[in-house]
Amino acid sequence: MAASMVQYVLMRTDLKWPTGALIAQACHACCAVMHRFKDDPNIKSYTEDLEQMHKVVLEVKDQSSLEEVKEQLNKDNIDYHLWIEQPENIPTCIVTKPYKKAEIQSYFAKFKLMK
């Protein structure tokens, strides 16, 4: 069942941080969203088969673009976590709760895979 589920990671590319720091941001956000929604049926389904988890890591050009996505997700009641690096208070990425791909891919179709 997990194979039909996908989790999107949308990472800012304007930060110019080392690759490891950006990966850490995504990891923090992935952990946070899984914890926030730990009792959700989508989380349970997604983690039934750990070898089949699917994530798509995409790039967003800047903070305002990230905020636009956040607003659309809020408007449509799509669950996610916005990671804000502290103590700098810098929004770095959004990670969605796992959803069936057909339910969520339209929100992320315009973004490219992160390089």
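First, a word on what this report is: a plain description of the structure on this page. None of the values given here were measured: they were computed from a predicted structure.

As for the nonpolar core
Item 1. Grouped together as the largest cluster of nonpolar side chains are 18 residues, with contacts concentrated most on Leu10, Leu73, Ile94, Ile104 and Phe108.
Item 2. Broken down by secondary-structure element, the contributors of at least two residues to this core are strand E1 (5-12), strand E2 (55-60), helix H3 (63-75) and strand E3 (80-85).
Item 3. Not counting residues up to four positions away in its chain, the partners in contact with Leu10 are Leu58, Glu59, Val60, Leu66, Val69, Thr92, Cys93, Ile94, Phe108 and Phe111.
Item 4. Judged by nonpolar contacts, the second largest core, of 15 residues, contains Ala26, Val33, Met34 and Val95.

Structural notes on the packing of aromatic side chains
Item 1. Scanning all chains against the criterion turns up 1 aromatic pair.
Item 2. The interplanar angle of 10° and the centroid separation of 4.5 Å between the aromatic rings of Tyr8 and Phe108 together place this pair among those described as stacked. One end of the pair, Tyr8, is in strand E1; the other, Phe108, is in the loop between helix H4 (101-104) and strand E6 (112-113), with 100 residues separating them in the sequence.
Item 3. The exposure class assigned to Tyr8 is buried, which follows from its relative accessible area of 5%.
Item 4. The ring of Phe37 carries Lys97 above its face, with NZ or CZ at 5.8 Å from the centroid.

A few points about the pattern of salt bridges
Item 1. In this structure the tally under the stated criterion is 4 salt bridges.
Item 2. The residue Lys70 makes a salt bridge to Glu67 at a minimum N-O spacing of 3.2 Å. Residue Lys70 and its partner Glu67 are located together in helix H3, separated by 3 residues, close to a single helical turn.
Item 3. The class of Lys70 is partly exposed, set by a relative accessible area of 22%.
Item 4. Through salt bridges with shared partners, one network takes in Asp40, Asp79 and Lys97.

Some points on the state of the cysteines
Item 1. Under the definition given, this model contains 0 disulfides.
Item 2. No disulfide involves Cys27; its sulfur sits 6.5 Å from that of Cys30, the nearest cysteine.
Item 3. Using a relative accessible area of 43% as the deciding quantity, one classes Cys27 as partly exposed.
Item 4. Cys27 supplies the cysteine sulfur nearest to Cys31, a cysteine that is in no disulfide, at a spacing of 6.6 Å.

Some points on unusual backbone geometry
Glycine aside, a negative phi is what most residues show, and trans is what most peptide bonds show.
Item 1. Omega for the peptide link from Gln86 to Pro87 comes to 10°, which places this bond in the cis form.
Item 2. As for its placement among the helices and strands, Pro87 is situated in the loop between E3 and strand E4 (90-96).
Item 3. You will see that Lys16, though not glycine, has its phi angle at about 55°, which is positive.
Item 4. Residue position: Lys16 is located in the loop between E1 and helix H1 (19-36).
Item 5. For Lys16, a relative accessible area of 72% gives the class exposed.
Item 6. Even without a glycine there, the phi angle at Asn77 is positive, about 55°.
Item 7. One can find Asn77 in the loop between H3 and E3.

Conventions used here
- Residues numbered from 1 in each chain as written.
- Predicted model: local features only at pLDDT ≥ 70, side-chain atom pairs only at ≥ 80, totals over all residues.
- Heavy atoms only, no water.
- Core = buried A, V, L, I, M, F, W, Y, C linked by side-chain atoms within 4.5 Å.
- Buried < 20%, exposed > 50% of the residue type's maximum accessible area, 1.4 Å probe, protein only.
- Helix = DSSP H or I, 4+ residues; strand = E, 2+ residues; numbered from the N terminus.
- Contact = heavy atoms within 4.5 Å.
- Phe/Tyr/Trp six-rings, centres within 6.5 Å; stacked < 30°, edge-to-face > 60°.
- Lys NZ or Arg CZ within 6 Å of the ring centre and 35° of its normal.
- Salt bridge = Lys/Arg side-chain N within 4 Å of Asp/Glu carboxyl O.
- Disulfide = S-S within 2.5 Å.

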